[in-house]
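# Examining the three-dimensional arrangement
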Amino acid sequence: MIGKNILLGVSGSIAAYKTAALTRLFVKAGANVRIIMTESAKTFITPLTLATLSKNPVESEFVKSAAGEWTNHVELGLWADLFLIAPASANTLGKMANGICDNLLLATYLSARCPVWVAPAMDLDMFAHPSTSRNLKTLADFGNLIIEPEPGELASGLEGKGRLAEPETIFQLVADWFKQKPVFAGKRVLITAGPTYEAIDPVRFIGNHSSGKMGFALAEAFANQGAEVVLISGPSQLSTNHPAIKTVRIVSAAEMLDQAKSHFPSADIAIMSAAVADYTPRVKATQKIKKSEDEFAIELVKTTDILKTLGTQKSNQFLVGFALETENELENAIKKLKAKNLDLIVLNSLNHEGAGFGYDTNRVTLIDKSNQITELPLQSKNDIANHLVQYISSHIHA
Ligand code: CTP
């Protein structure tokens, strides 16, 4: 941790007293520590204590009046290698999740380009409230890492989950993270995500319910491990502002094919997680189709299988496909793996509660080209993405 820049954001919770020990641990390990306090944090621990332990002035003001500077939130955000918000009160979590920016800590959160870690602390009922869960989920979706609070005796005298993780625990997580080398530094990863829309006429299309969650989670997981990612996404509500992800928006299967073919030659890894339409209308009407007859048929033609196309063009890329099966799952997935010349296939099953389209969770089985089968338990799509990153890393580096 020597020479690393840790920015510690302290908000108003009794657990703020623990930041004295945490600051001491970081400084002893050789890190540079700067601290931002909210006004209410100062009722729990004094700025003087934290300034003394961090060996730096504590920041709270948007404008440093003496020097007339007002951009310190930007400067702090750029300075930090890691922004750790501990303790994060329910109030601060709520504001972070909603882009509210009425103090220096929150302005710096919006400005920071480094990873942001959040360690909540509050009473058990506040922690269990649906709004807190929703805010934490939003922050996790933004790519922030949540350090779960611990169960135990709380300042109110109640027993439950809400205690700030112990300083030693937080310190160890940060130390381990700084030790890690990004697994995919210098690698290029191509990912497809979301549905495709196949136009019938200017106002209608054939589409599907894919949300794009798995593909976006994969893009973030690879980018967090140092990869340069090109994410080709069909129509999806999702977006990412990760600096290492270039998002290419397309609509139809044909457009996705063009983009995938043009980015594939320079990719080291390609993961096709999009739910691409298998058929598209033979004719796309140039004007809106008027209703006339009682029956109306649309003639469909097969789209080009993007994954299979890349399988035939493959030189030394690691190629990953997804399979969605409802019967003879393993057998069909293995057939697809071979037919499309893949290195790995991720089998989705719709036969499990909580798995598949639109859900935040999924249950998948990984099958590699030597028919090695790994079943993963039901877990969030972010966790599956991180698991895949590790799995692919161990396959490539084996
Ligand atoms: N895929 C693709 N291009 C297509 C259709 C599918 O790249 N035109 C990719 C998907 O992104 C996924 C994989 O192929 O990685 C499997 O898709 P799936 O729909 O399960 O299988 P299909 O091969 O389309 O076969 P079937 O629908 O008969 O199961």
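Each remark here, short or long, concerns the structure printed above.
Residues numbered from 1 in each chain as written. Predicted model: local features only at pLDDT ≥ 70, side-chain atom pairs only at ≥ 80, totals over all residues. Heavy atoms only, no water.

## What about the pattern of salt bridges?
Considering all chains together, one arrives at 15 salt bridges under this definition. For Arg34, the salt bridge is made with Glu59, and the minimal N-O distance between the two is 3.6 Å. Highlighted residues: Arg34 in strand β2 (residues 32-37) and Glu59 in the loop between α2 (47-54) and α3 (72-79), separated in sequence by 25 residues. Both residues of the pair, Arg34 and Glu59, belong to the buried class. (Salt bridge = Lys/Arg side-chain N within 4 Å of Asp/Glu carboxyl O. Helix = DSSP H or I, 4+ residues; strand = E, 2+ residues; numbered from the N terminus. Buried < 20%, exposed > 50% of the residue type's maximum accessible area, 1.4 Å probe, protein only.)

## What to know about the pairing of strand β4 (residues 116-120)
The side chains of a regular strand alternate between both faces of the sheet. Burial within β4 is extensive, with five of its five residues counted as buried. Across the two faces of β4 the burial is the same, with Val116, Val118 and Pro120 and Trp117 and Ala119 all buried. Across four bridges, strand β3 (residues 82-88) lies against β4 in parallel orientation. What sits directly across from Ile85, in β4, is Val118. (Pairing = 2+ DSSP bridges.)

## Observations regarding the environment of Ala51
By the secondary structure assignment, Ala51 is in helix α2. Discounting chain neighbours no more than four positions away, the residues touching Ala51 are Asn56, Pro57 and Val58. (Contact = heavy atoms within 4.5 Å.)

## A word on the packing of helix α1 (residues 18-28) against helix α8 (residues 167-179)
The geometry of a pair of packed helices is captured by two quantities: the angle between their axes and the separation between those axes. For the pair α1 and α8, interaxial distance at closest approach is 9 Å and the crossing angle is 35°. The interaxial crossing formed by α1 with α8 has right-handed handedness. Together, Lys18, Ala21, Leu22, Leu25 and Phe26 of α1 and Pro167, Glu168, Ile170, Phe171 and Val174 of α8 make up the contact between the two elements. Split by residue class, the contact of α1 with α8 holds eight nonpolar, no polar and two charged. (Axes fitted to C-alpha atoms, helices over the stretch in contact; angles between N-to-C directions. Left-handed = near helix turned anticlockwise from the far one by under 90°. Nonpolar A, V, L, I, M, F, W, Y, C, P; charged D, E, K, R; others polar.)

## Re the environment of Ser252
Residue placement: Ser252 occurs in the loop between β12 (245-249) and α10 (253-263). Owing to a relative accessible area of 14%, Ser252 belongs among the buried residues under this scheme. Spatially, the C-alpha atoms of Ser252 and Thr49 are 59 Å apart, while their sequence positions differ by 203 residues. Discounting chain neighbours no more than four positions away, the residues touching Ser252 are Thr196, Tyr197 and Glu198.

## Quick look at the sheet that holds strand β13 (residues 269-272)
Spatially, the eight strands line up as an open sheet ordered β12-β11-β8-β13-β16-β17-β19-β20, and their pairing is mixed. Looking at which strands have only one partner, the edges of the open sheet turn out to be β12 and β20 (373-375). Going across the sheet, the axis of each strand differs from the next one's by a mean of 15°, ignoring polarity. Set on the sheet, α10 makes contact with β8 (188-193), β11 (228-233) and β12; between it and β11 the angle comes to about 165°.

## Regarding the site of the ligand
What surrounds the ligand is a group of 16 residues, the closest being Met272, Ala274, Phe322, Lys336 and Lys340. In this structure, an oxygen atom belonging to the ligand sits 3.1 Å away from a side-chain N or O atom of Asp278. Residue Thr303 places a side-chain N or O atom 3.3 Å away from a nitrogen atom belonging to the ligand. Protein coverage of the free-state accessible area of the ligand, which is 570 Å², stands at 76%. At the level of secondary structure, the elements contributing two or more residues to the shell around the ligand comprise α11 (306-313) and β16 (318-325). Among the residues forming the shell around the ligand, the class breakdown is nine nonpolar, three polar and four charged. (Near = heavy atom within 4 Å. Polar contact = N/O pair within 3.5 Å; in protein donor to acceptor, adjacent residues only side chain to side chain. Areas by Shrake-Rupley, 256 points an atom, 1.4 Å probe, with all protein chains shown as cover.)

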